[in-house]
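Chain by chain, the residues:
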Amino acid sequence: MSKSILILVAHPDDEVLGCGGTIAKMADNGLVHVAFFADGVFSRGGNQIAQTQDLKIRRSRAQKACDILGVKSVIFGDFPDNRMDTIALLDIAKVVESLIAEHQPDTVFTHHAGDVNIDHRRMHEAVVIACRPQSEHSVKTLLCFEVPSSTEWQLPGSAPPFMPNWFVDISTTFDRKLSALQAYASELRDWPHPRSMQGIEHLAHWRGATVGVDAAEAFILGRQIA
């Protein structure tokens, strides 16, 4: 199992939705660090005072969720929510590079290239740049996860499809993923929305069933250097 893992996501809740069970599993065997890049609230409207309060609440919930999963450290960025395409890609990639230099992860998890959400796609691009396979680079494994209500909402032909080829059995840590999701209760929706508790449970069991386990999270392996 990897000794140092870095989870690079756009918004608080993406980490639990995409790989919460995997984080909990890896945190039992190594150090897991989670970095959020966008503020996650300022695209929703409202006055400045209310938005600032919402940001504090969202970050508090993110910390609680990460504590449940056993995350070692949590980093909050302040890129504009749902507007990361207005930021030079190089500027985002430089932040990713600085985090990799600080934590020296051998495994990095991030978003799928074909998500509907622009911040997700921007994160993917920045991580690919920062994880170029250069000599003595710490990252040996690069994995991309799916986020319910973003990955599967992309139209056919509009972007690369999510076709997983790497699965993590989260049967023993799925309860911790669900507990962490409760910290983000305000971000969840009613069934049959894919970002409902039932939708998330169904997805985990379906991904598990496709590989013969009770519950799993699915990924696309971008690169692995053995």
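Residues numbered from 1 in each chain as written. Predicted model: local features only at pLDDT ≥ 70, side-chain atom pairs only at ≥ 80, totals over all residues. Heavy atoms only, no water.

Engineer: Could you give me a rundown of the overall build of the protein chain, with the residues and numbers involved?
Structural biologist: What the protein chain contains, in helices and strands, is six helices and seven strands. Along the chain direction, N to C, the helices and strands of the protein chain fall in the order β-α-β-α-β-α-β-α-β-β-α-α-β. A compact globule built from 226 residues should have a C-alpha radius of gyration of about 17 Å, and the protein chain, at 16 Å, falls within 12% of that. Based on the C-alpha atoms only, the size of the protein chain along its principal axes is roughly 50 × 40 × 40 Å. Taken across its 226 residues, the protein chain has 50% of its residues classed as buried. Looking at the protein chain alone, contacts between residues at least 24 apart form 79% of all its contacts between residues at least 6 apart. As displayed, the protein chain has an accessible area near 10400 Å², and 53% of this comes from carbon and sulfur atoms. Of the side chains in the protein chain, 21 bear a positive and 27 a negative charge, and the two mean positions are spaced by 3 Å. (Helix = DSSP H or I, 4+ residues; strand = E, 2+ residues; numbered from the N terminus. Rg over C-alpha atoms; globule rule 2.2 N^0.38 Å. Buried < 20%, exposed > 50% of the residue type's maximum accessible area, 1.4 Å probe, protein only. Contact = heavy atoms within 4.5 Å. Areas by Shrake-Rupley, 256 points an atom, 1.4 Å probe, with all protein chains shown as cover. Lys, Arg positive; Asp, Glu negative; His and termini not counted. Charge placed at Lys NZ, Arg CZ, Asp CG, Glu CD.)

Engineer: A description of the pattern of salt bridges should follow, citing residues and the corresponding values.
Structural biologist: Side chains that differ in sign of charge can pair as their charged atoms come close. What the rule picks out here adds up to six salt bridges. Measuring nitrogen to oxygen at the nearest pair gives 3.4 Å for the salt bridge that ties Arg122 to Glu125. Placement of both Arg122 and Glu125 in helix α4 (residues 118–130) is noted, with a separation of three residues, approximately one turn of the helix. Using a relative accessible area of 35% as the deciding quantity, one classes Glu125 as partly exposed. In this structure, the salt-bridge partner of Glu217 is Lys177, at a minimum N-O distance of 2.7 Å. Placement of the pair is Glu217 in strand β7 (residues 216–224) and Lys177 in helix α5 (residues 174–182), with a sequence separation of 40 residues. Glu217 sits in the buried class, given a relative accessible area of 4%. (Salt bridge = Lys/Arg side-chain N within 4 Å of Asp/Glu carboxyl O.)

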